[in-house]
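If you want the building blocks of each chain, they are given just below.
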Amino acid sequence: MPVRSLICLLFFFTCTQQAQAIISATITAPGTGLQAALDAAKPGDTIMVKAGLYKLHNVLVRNPVHLVGEGFPVFDGEGKYETFIVTSGRVYIAGIEIRNTGRSSLSDMAGIRLQDVSNVTINNCRFYNTTYAVYLQNSSWCTISDNRIQAQGTDELQSGNGVHAWKSSHLLIRNNVINGHRDGIYFEFVTESRIEKNISFNNIRYGLHFMFSHHDTYSGNTFRNNGAGVAVMYSKGVDMQHNHFDHNWGDAAYGILLKEISDSRISGNVFQKNTMGLYMEGCSRIRVYRNTFSANGWAMRIQANCDGNRFEVNNFTGNSFDVATNGSMVLNVFQDNYWDKYEGYDLDKDGTGDVPYYPVSVYAVITERIPAAMILYRSFLTNVMDQAEKVMPSIIPDQLKDSSPKMKKWPL
Amino acid sequence: MLTLSKYVLLDLLRNRSVLIYTVVLGILSISLLSLGDQSSKGLLSLLNITLLFVPVITMLFATIYFFNSLEFIELLLCQPVKRSRVLLSEYFGMTLSLSASYIAGVGIPLFLKVSGAISWMLVITGVLLTFIFTALSLLVFVLFRDKTKGIGAAIVIALFFTLLFDGLVMAFIFSFSDYPIDKPLLGMMAFNPVDLARVLMLLQLDVAVLMGYSGALFKKFLGSATGSIFSIACMIGWIVVPLILSVRIFRHKDL
Amino acid sequence: MMEISQLTKSFGRFRALDQISLSLQEGQAVSLLGPNGSGKTTLIKSILGMVIPETGTISIDKQIVKRDWNYRSRIGYMPQIGRYPDNMTIEQVINMITEIRKDKVTPDRELYEGFELDRIRKKKMRTLSGGTRQKVSACLAFLFSPDIYILDEPTAGLDPVANEILKKKIVKECARGKLTLITSHVLNDLEGLTSHIIYLQDGKVRFYQSVETLQELTGETRLNGVVAHLMQNDLKNKENIPC
């Protein structure tokens, strides 16, 4: 790409003189320099920003320019302001660091706000302690990639989301590392977008929060140790593949919570060490296959208002309880899964057990009614109860069964 | 005391029953652990063995041994040694050899097959249970004159803690499930060493589930290190208290 | 040397020792006699500290023994039935006791050699006959040259040769000024050994006299005769007591 002009902002000082010099150069006259340069630039121009501390706020990017930092110049919102607002399409921002945006109860203050734009890319930037790092509203075909987004949020009300997208489409959120926000990634009314290979951890509420967003794909992400895991709600046509849901612990923590999701696919994911691996409520026609559920409290909870879902070729190993439910109605299909708790036999040696497996254990039902009974779990008594129930089912929903449980673990 | 313990230990290590106990544990461990590719399943079976067999066998074996060594104890007591020293030597010799059996029979196969925190915890739990039930055997030994009665009492105690106690707790839970019973329940656990051992393992295996209950006490207590510390502290209490009682009673016992 | 005063011990309602007071001197070889259940074993066990008396004191060289277990280093005890850890060898048992006692004296191996225990020192206790066990017990009692010997039925089960060796040893030790307390049912074995006789009945001391005095009193020379005479007279006396 030919560069027609190059405007350099030369705030390049030695370390000892830096702070003093920047104050005299930028703070006293906000908007000078950078804002002027941005406004003066022609479409496609590249503006190089040298390393340094810039106490600027509400910088408007109104032209389709490239804003590239050299050695990560720092833009500080001083805890009061927004830093960048992008209102032009085809903007490219890379290599800058944004810190300390303001908090407000009236408006959402962002490190970079994309407002009604398309084809904007934010790449390889750092966001520290921003209320919202990247905020997209009514935008399309935008890419947010390779960013490091970090905050030290402590409560839900005071903090915002890492990547927040509202009423947008065709987004690509890729390779970002996000932690310490309210929700790592937040989607509301966002369609046909992709969320790939991000790592979202230690967020206060959800690693990924997803509502009314149809036909999106998220794959290869890792969601770890978030307050409540991942929530995907009121959407259809969602494709969830090869994600890792790790170590989400708490009384309302889920690897993934699905609420009123339909015609979707969950495959190749790993659910590990979550209080509840997969939670489904009011879901229809979801195919859950080739996933690994290991060392979770409950691998899955399928509420009775789910129908037409298929659970096939998954591995269930080392979970305290495999499946929990809240009724006896079962309109879903379980087959060809491997359950490590299966104690049946395979006389014809075809790799499939000859007797069905009932994944809801009697003690799961009991602790459902009386949580305190959990204290007796794994005692001789509860083992006896489990064995008795296997011989003569009376408490567990006997409709919920895998008629063709596998004898060997699937190689997933 | 070391001298005496050494001789008791040597005597026990040559005893065929201890050897059989070790071998049986070893065979069980190896067969359970190599049963499938899933080691966690074998681990759970080993946990069940630890919680059921270790208390019963330790209790029975130790009680029988203590009663059988009455003459040996008498022989020692004619020598210029303190009574408490003789008794504690018997105890440590016994409990150390049974612990060695457990470590050899369960610990070594376990570490070879599944290493990690859970294996460690299981071995610690088994050893603690061995210490506890040997201490209870000692108490039975000093309380009863008659060997048959003593063995009967040992069986009753072992069965009470392994089976009956949980039944009572279960009845309690079902009867009072409408009330906040978390606290009394945790209190009740402290009264059964086998339950304490189980809770200790539960904290390793099922902490994810325990975190899922909204009961604040469960989460606060069992979710953090506090739960493990509480359990281990109580278990140590279950060793120390019977030992102190035994020594006190033994001091005034006529032989 | 050993003073026992007002010693009382009961097991439940049964009074095993009733206000027993005795004074034993060095060089004495005292036979403790009495019918079954008269309190002989309880008395011995009290002296050894295995039975805790309710009232009364035992003192050795004016030192009252109670909780202080150290006095037992001055006693060598040979039990009626010596039971030892099954799997230990003779050698190990002897080594163990030596290690426990920590006596500084050179061990008196006279009996060990006399009984020829050295040949079978590698044998396990489990495999030994009752007599051999007795030999081990005797050996242990004399090993540390203590001041006081307490021998409970020492000759029962010993073969005549061993019996003679043991008797000679006892006489020898008495001559060295040791105090020996023996119980036995075989009065013949005590012949020529005893200097004094204590007769216990129903937990009380019936009499405590030197053998010479008793011989004079009864006109009998053999110990068997002396004791038989005394017991018959004693029974008669009892019948003569008016109710």
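Residues numbered from 1 in each chain as written. Chains lettered and ligands numbered in written order. Predicted model: local features only at pLDDT ≥ 70, side-chain atom pairs only at ≥ 80, totals over all residues.

1. A short note on the overall build of chain B
For chain B, the helix and strand inventory stands at 12 helices and zero strands. If you list the helices and strands of chain B from N to C, you get α-α-α-α-α-α-α-α-α-α-α-α. Radius of gyration (C-alpha) of chain B: 19 Å, near the 18 Å computed for a compact globule of 255 residues. If one aligns the C-alpha atoms of chain B with their principal axes, the spans along those axes are about 60 × 45 × 30 Å. Looking at chain B as a whole, 50% of its 255 residues qualify as buried. Taking the intrachain contacts of chain B between residues at least 6 apart in sequence as the baseline, contacts between residues at least 24 apart amount to 80%. (Helix = DSSP H or I, 4+ residues; strand = E, 2+ residues; numbered from the N terminus. Rg over C-alpha atoms; globule rule 2.2 N^0.38 Å. Buried ≥ 20, exposed ≤ 12 C-beta atoms within 10 Å, placed from the backbone. Contact = placed C-beta atoms within 7 Å.)

2. Some points on the overall build of chain A
If you tally the helices and strands in chain A, you get four helices and 38 strands. Structurally, chain A occupies a C-alpha span of about 80 × 40 × 35 Å along its principal axes. Counting across all 412 residues of chain A, residues that qualify as buried make up 47%. Restricting to contacts in chain A with at least 6 residues of sequence separation, those with at least 24 account for 49%.

3. Let's talk about the interface of chain B and chain A
With 34 residues of chain B in contact, the opposing surface of chain A contributes 29 residues. At the level of elements, helix H3 (39-68), helix H7 (147-175), helix H8 (182-189), helix H9 (193-205) and helix H10 (207-210) of chain B are the ones that each hand at least two residues to the side of chain B that touches chain A. Of all the elements, H7(B) adds the most residues to the side of chain B that touches chain A, at seven residues. Among the residues making up the side of chain B that touches chain A, the classes are represented as 19 nonpolar, nine polar and six charged. (Nonpolar A, V, L, I, M, F, W, Y, C, P; charged D, E, K, R; others polar.)

4. Some thoughts on the confidence of the model for chain A
Per-residue pLDDT for chain A has a mean of 87; in total, 92% of the residues score no lower than 70. Here residues 1-31 of chain A is modelled with pLDDT under 50, and outside its nearest four sequence neighbours on either side it reaches 37 contacts, counting other chains as well. (pLDDT = per-residue confidence, 0-100.)

5. Concerning the arrangement of the chains
Among two pairs of chains with at least one contact, chains A and B form the most extensive contact set. At no point do chain A and chain C touch; the closest pair of C-alpha atoms across them sits 37 Å apart.

6. Concerning the pairing of strand E9 (residues 196-201) of chain C
All names here are of chain C. In this sheet, E9 lies alongside strand E3 (residues 29-33) in parallel orientation, the contact comprising four bridges. Across the sheet, residue Ser 31 finds its bridge partner in E9, namely Ile 197. Bridge analysis of E9 against strand E10 (residues 204-210) gives six bridges, and the strand direction is antiparallel. Looking across to E10, one finds that His 196 is bridged to Ser 210. If you look at the hairpin formed by E9 and E10, you'll find two residues sitting between the two strands, and Asp 202 has a positive phi there, around 50°. (Pairing = 2+ DSSP bridges.)

7. Looking at the interface of chain B and chain C
Taken together, the 20 residues of chain B in the interface contact 21 residues of chain C. Counting only elements with at least two residues in the side of chain B that touches chain C, the list comes to helix H1 (2-13) and helix H4 (70-77) of chain B. Ranked by residue count, the leading element in the side of chain B that touches chain C is H4(B), at five residues. Looking at the side of chain B that touches chain C, its residues break down into nine nonpolar, five polar and six charged.

8. A short note on the sheet that holds E3(C)
All names here are of chain C. One open sheet holds the six strands; their spatial order is E6-E7-E8-E3-E9-E10, and the pairing between them is mixed. Strands at the two margins of the open sheet, each flanked by one partner only, are strand E6 (75-78) and E10. Across the sheet, the axes of successive neighbouring strands diverge by a mean angle of 15°, strand direction being ignored. Sheet strands touched by helix H1 (residues 40-48): E3, E6, strand E7 (148-152), strand E8 (179-183) and E9. Its angle to E7, the strand with the most contacts, is close to 145°. Along the sheet face, helix H4 (residues 130-142) touches E6 and E7 and points at about 175° away from the line of E6. (Axes fitted to C-alpha atoms, helices over the stretch in contact; angles between N-to-C directions.)

9. Some thoughts on the environment of Tyr279(A)
Residues and elements named next belong to chain A. Position of Tyr 279 among the secondary structure elements: in strand E30 (residues 276-281). Once the C-alpha coordinates of Tyr 279 and Lys 80 are considered, the two residues, 199 residues apart in sequence, prove to be 39 Å apart. Tyr 279 has contacts with Tyr 254, Leu 257, Leu 258 and Arg 301, leaving out every residue within four places of it along the chain.

10. What to know about the nonpolar core
With 247 residues, the main nonpolar core has Ile132(B), Cys139(C) and Ile150(C) as its most contacted residues. Residue contributions to this core peak at 15 residues, all from helix H6 (residues 117-143) of chain B. (Core = buried A, V, L, I, M, F, W, Y, C linked by C-beta atoms within 7 Å.)

11. Notes on unusual backbone geometry
Residues and elements named next belong to chain A. The phi dihedral of Lys 273 is positive, around 55°, even though this residue is not glycine. Relative to the helices and strands, Lys 273 is located in the loop between strand E29 (270-272) and E30. Residue classification places Lys 273 among the buried positions, given that 21 C-beta atoms sit within 10 Å. Notably, Arg 378 is not glycine yet its phi reads approximately 70°, a positive angle. Mapped onto the elements, Arg 378 comes out in the loop between helix H3 (362-369) and helix H4 (380-391).

12. Digging into the sheet that holds strand E1 (residues 2-11) of chain C
To summarise the sheet geometry, strands pair through backbone hydrogen bonds and adopt either a parallel or an antiparallel arrangement. Residue and element names in this part refer to chain C. Ordered in space as E2-E1-E4-E5, the four strands form an open sheet in which the pairing is antiparallel. A strand with exactly one partner marks an edge of an open sheet, and here the two such strands are strand E2 (14-24) and strand E5 (63-65). Strand-to-strand, the axes of this sheet are offset by a mean angle of 30°, without reference to chain direction. Here strand E4 (residues 55-60) pairs with E5 via three bridges, running antiparallel. From the neighbouring strand, Ile 60 faces E5, where its bridge partner is Gln 63. Running over the sheet, H1 touches E1, E2 and E4 and is turned about 65° from E2.

13. Some remarks on helix H2 (residues 16-33) of chain B
Residue and element names in this part refer to chain B. Look at H2: 25 Å from first C-alpha to last across 18 residues, which is about the 26 Å you get at 1.5 Å a residue. Turning to H2, its buried residues are Tyr 21, Thr 22, Leu 25, Ser 29, Leu 32 and Leu 33. Considered in projection along H2, the buried side chains sweep an arc of 110° and stay on one side of the axis. More than 90 degrees from the buried face of H2, the exposed residues found are Arg 16, Ile 20, Ile 27 and Ser 31. (Expected span 1.5 Å × (residues − 1). Arc of directions from axis to C-beta.)

14. Examining the packing of H6(B) against helix H12 (residues 225-251) of chain B
Residue and element names in this part refer to chain B. Remark: H6 packs on H12, axes separated minimally by 8 Å, with the N-to-C direction vectors making an angle of 20°. By the angle between their directions, the pair H6 and H12 is classed as roughly parallel. When the axes of H6 and H12 are compared, the crossing they make is left-handed. When H6 is examined against H12, the residues Leu 128, Phe 131, Ile 132, Ala 135, Leu 136, Leu 138, Leu 139, Val 142 and Leu 143 are found in contact with a partner set consisting of Met 235, Trp 238, Ile 239, Pro 242, Leu 243, Leu 245, Ser 246, Ile 249 and Phe 250. Each residue belonging to the contact of H6 with H12 can be placed in one class, and the counts come to 17 nonpolar, one polar and no charged. (Parallel < 35°, antiparallel > 145°, perpendicular 65-115°, else oblique. Left-handed = near helix turned anticlockwise from the far one by under 90°.)

15. What about the environment of Phe160(B)?
Residue and element names in this part refer to chain B. In this fold, Phe 160 is placed in helix H7. Residue classification places Phe 160 among the partly exposed positions, given that 14 C-beta atoms sit within 10 Å. Considering only alpha carbons, one finds Phe 160 and Asn 192, 32 residues apart in sequence, at a separation of 9.2 Å.

16. Some remarks on the environment of Ala110(A)
All names here are of chain A. Looking at the secondary structure, you find Ala 110 in strand E10 (residues 110-115). Along the chain, Ala 110 and Leu 56 lie 54 residues apart, while their C-alpha atoms are 13 Å from each other. With residues up to four places along the chain from it excluded, the contact list for Ala 110 reads Glu 82, Thr 101, Thr 130, Tyr 132, Val 134 and Tyr 135.

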